[in-house]
Amino acid sequence: MYRHIELGKTGGERMIKLRALIHKKKVSLAGYWPKKIYGLLSCGSGKRMKVAHRVFFYDEQEAVAKGYRPCGHCLRSAYEKWKSTQKHYFK
């Protein structure tokens, strides 16, 4: 897992490092660490988050192993599958 904020001191440095990681196939998914959600790099929801909250993963297995759940927007079927396994408590 890579934290976006740790990839460089400036936005330009971070962008260059991230592009290199994507090109080398070391990154294929992005995540939002406060709520532990992962999704596609192209997801509109992910593109709006603050750099300090953004993380990147090699693959889905790494994201799940770190305790993240699929995005309900860009990974709808994986999200629905995950949601069906969650325990729901009603008052």
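For the structure, check the block above.
Calculation criteria
Residues numbered from 1 in each chain as written. Predicted model: local features only at pLDDT ≥ 70, side-chain atom pairs only at ≥ 80, totals over all residues. Heavy atoms only, no water. Helix = DSSP H or I, 4+ residues; strand = E, 2+ residues; numbered from the N terminus. Buried < 20%, exposed > 50% of the residue type's maximum accessible area, 1.4 Å probe, protein only. Lys, Arg positive; Asp, Glu negative; His and termini not counted. Salt bridge = Lys/Arg side-chain N within 4 Å of Asp/Glu carboxyl O. Polar contact = N/O pair within 3.5 Å; in protein donor to acceptor, adjacent residues only side chain to side chain. Contact = heavy atoms within 4.5 Å. Phe/Tyr/Trp six-rings, centres within 6.5 Å; stacked < 30°, edge-to-face > 60°. Pairing = 2+ DSSP bridges.

> When you look at the side chain of R14 in this model, what are you seeing that I'm missing?
For R14, the location among the structural elements is in helix α1 (residues 11–23). Here R14 is buried and forms no salt bridge, its nearest opposite-charge partner E13 lying at an N-O distance of 6.9 Å. Engagement of the side chain of R14 in a polar contact is seen with the backbone oxygen of G8, the distance being 3.1 Å. Beyond its immediate sequence surroundings of up to four residues, R14 is in contact with H4, I5, L7, G8, K9 and V51.

> Whenever I open this one, the pattern of salt bridges confuses me. Can you help?
If charged atoms from side chains of opposite charge come close, those side chains can pair. On inspection of all chains with the given rule, the structure shows 1 salt bridge. Its salt-bridge partner being R76, residue E80 comes within 3.8 Å of it at the nearest N-O pair. One end of the pair, E80, and the other, R76, are both in helix α4 (residues 76–84), 4 residues apart, so they sit about a helical turn from each other. E80 sits in the partly exposed class, given a relative accessible area of 39%. Residue class for R76 comes out partly exposed when judged on its relative accessible area of 47%.

> Any chance you could explain the packing of aromatic side chains here in plain terms?
The description of two aromatic rings rests on the distance between their centres and on the angle between their planes. This structure, assessed with the given rule, holds 2 aromatic pairs. Ring geometry for F57 versus Y68: centroids 4.9 Å apart, planes at 70 degrees, classification edge-to-face. Residue F57 is located in strand β4 (residues 54–57), and its partner Y68 is located in the loop between α3 (60–65) and β5 (69–70); the two are separated by 11 residues in the primary sequence. Under the relative-accessibility criterion, F57 is labelled buried at 0%.

> I tried to follow the pairing of strand β2 (residues 29–32) on my own but got confused; where do I start?
Look at any regular strand and the pattern is simple: side chains alternate between the two faces of the sheet. Bridge count between β2 and strand β3 (residues 37–40): 4 bridges; the pairing is antiparallel. Bridge pairing in β3 places L29 opposite L40. Bridge count for β2 against β4 is 4 bridges, and the pairing is antiparallel. In the sheet register, A30 faces β4, and the bridge partner there is F56.

> How should I be thinking about unusual backbone geometry in this particular structure?
The phi dihedral of K25 falls on the positive side, at around 60 degrees, and the residue is not glycine. Within the secondary structure layout, K25 lies in the loop between α1 and β2. With relative accessibility at 65%, the residue K25 sits in the exposed group. If you check the backbone angles, K36 has positive phi at about 55 degrees while not being a glycine. Take K36: it is sitting in the loop between β2 and β3.

Function-wise, these values are silent; they only describe arrangement.
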